[in-house]
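Coordinates in review
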Amino acid sequence: QKKVYTTPPPFPMVQMSRTVTFVWVFLVPVVLMSDGSSIFAHCLVVFFLTFAFIGLEYVAMEVDDPFGDDANDFDNLGLARSVFEDVYNIINLVDGEEWAYKVRFNMKGTETEEFLRPSERTPLIGV
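Residues numbered from 1 in each chain as written. Predicted model: local features only at pLDDT ≥ 70, side-chain atom pairs only at ≥ 80, totals over all residues. Heavy atoms only, no water.

**Overview of the packing of helix H4 (residues 76-94) against helix H5 (residues 97-106)**
Worth spelling out the cut-off: Here an axis means a line fitted to C-alpha atoms, over the contact stretch when the element is a helix, while the angle between two N-to-C directions is reported on a 0 to 180 degree scale. Each helix is a run of H or I in the DSSP string that is no shorter than four residues. Each strand is a run of E no shorter than two, and both are numbered from the N terminus. Oblique is the label for any angle not under 35 degrees, not over 145, and not in the 65 to 115 range, which are roughly parallel, roughly antiparallel and roughly perpendicular in turn. The criterion used for residue contact is that any of the two residues' heavy atoms lie within 4.5 Å. Side-chain classes follow a simple rule in which Ala, Val, Leu, Ile, Met, Phe, Trp, Tyr, Cys and Pro form the nonpolar group, Asp, Glu, Lys and Arg form the charged group, and the remainder, Gly included, forms the polar group.
Two elements in contact, H4 and H5, have axes whose closest approach is 7 Å; the angle formed by their N-to-C orientations is 155°. Judged by the inter-axis angle, H4 sits roughly antiparallel to H5. Contact residues: Phe 84, Glu 85, Tyr 88, Ile 91 and Asn 92 in H4; Glu 97, Trp 99, Ala 100, Tyr 101, Val 103 and Arg 104 in H5. Taken together, the residues that form the contact of H4 with H5 break down as 7 nonpolar, 1 polar and 3 charged.

**Some words on a nonpolar patch on the surface**
What counts, and what does not: What goes into a patch is any residue over 30% in relative accessible area without a salt bridge, connected to like charges within 9 Å or, for nonpolar side chains (Val, Leu, Ile, Met, Phe, Trp, Tyr), within 5 Å. Here, Shrake-Rupley sampling with a 1.4 Å probe gives the accessible areas, and only protein chains in the shown set may cover a residue. Should a side-chain nitrogen of Lys or Arg be within 4 Å of a carboxyl oxygen of Asp or Glu, the pair is scored as a salt bridge. The buried label applies to any residue whose accessible area, calculated with a 1.4 Å probe on protein chains only, is under 20% of its type's maximum; exposed applies above 50%, and partly exposed to all values in between.
The grouping of Phe 22, Val 23, Phe 26, Leu 27, Val 30, Val 31 and Met 33 at the surface amounts to a nonpolar patch, some 740 Å² of accessible area in total. Relative to the assigned elements, Val 30 resides in helix H2 (residues 11-32). Judged by relative accessible area, which is 48%, Val 30 ranks as partly exposed.

**As for the packing of H2 against helix H3 (residues 39-63)**
Packing of H2 against H3 leaves a shortest axis separation of 10 Å and a crossing angle of 175°. Between H2 and H3, the angle falls in the class roughly antiparallel. Residues Ser 17, Arg 18, Thr 21, Trp 24, Val 25, Val 28, Pro 29 and Leu 32 of H2 lie in contact with H3, whose contacting residues are His 42, Val 45, Val 46, Leu 49, Thr 50, Phe 53, Ile 54, Glu 57 and Met 61. Its residues placed into classes, the contact of H2 with H3 shows 11 nonpolar, 4 polar and 2 charged.

**A few points about the confidence of the model for the protein**
Low pLDDT means the predicted atomic positions in that stretch should not be read closely. Operational definition: One number per residue, pLDDT, summarises how confident the predictor is, and it ranges from 0 to 100.
In the predicted model, the protein carries a mean pLDDT of 77, and the fraction of residues at 70 or more is 82%. Mean pLDDT across the elements of the protein bottoms out in helix H1 (residues 2-6) (68) and peaks in H3 (86). Residue range residues 113-117 is modelled with pLDDT below 50. Its contacts to residues more than four positions away, or to other chains, number 11 contacts.

**A closer look at the side chain of Glu 57**
How we decide: Here a polar contact is recorded for every N or O atom pair within 3.5 Å, except that within protein the pair must consist of a potential hydrogen donor and a potential acceptor, and residues adjacent in sequence are included only if both atoms are side-chain atoms.
As for its placement among the helices and strands, Glu 57 is situated in helix H3. Looking at Glu 57, the relative accessible area reads 16%, which means it is buried. Looking at Glu 57, its side chain comes within polar contact range of the side chain of Arg 18, at 2.6 Å. Those residues in contact with Glu 57 that sit more than four places away from it in its chain are Ser 17, Arg 18 and Thr 21.

**A short note on the packing of aromatic side chains**
This is how the line gets drawn: Each Phe, Tyr or Trp ring, with Trp reduced to its six-membered ring, pairs with another whose centre is within 6.5 Å; inter-plane angles below 30 degrees give stacked pairs, above 60 give edge-to-face pairs, and intermediate values give tilted ones.
Considering all chains together, one arrives at 6 aromatic pairs under this definition. Taking 4.6 Å as the distance between ring centres and 55° as the angle between the ring planes, the aromatic pair formed by Phe 22 and Phe 26 counts as tilted. Residue Phe 22 and its partner Phe 26 are both found in helix H2; the two are separated by 4 residues, about one turn of the helix. A relative accessible area of 53% means that Phe 22 is categorised as exposed. On the basis of relative accessibility, which here comes to 53%, the residue Phe 26 falls in the exposed class.

Next up, the structure:
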């Protein structure tokens, strides 16, 4: 699992996909010149095809690292907190408040969140 996350896509694959996208976007108008449609129809087709292909390229760049620190990346720590709270509530219902408190105490960690950047070592609950 970690190898999939840490291995970047091969540079030749990225380079060729961008080159093919570039060639496609700039050859579409040339190919459409032989069509008998109006110039307005050609402009619409070229616009939407260019928008689609450049949009796919942008999405590929954003999906390249889904576990980073950007605002639109996957929130691992938030999901872990949510799962912990669910487990805590289940333990509280099934085994009682004493065992739930023990779990919460053991999961506190040694450092507070305000001094840490969220990472895998960040405590799941506040102190």
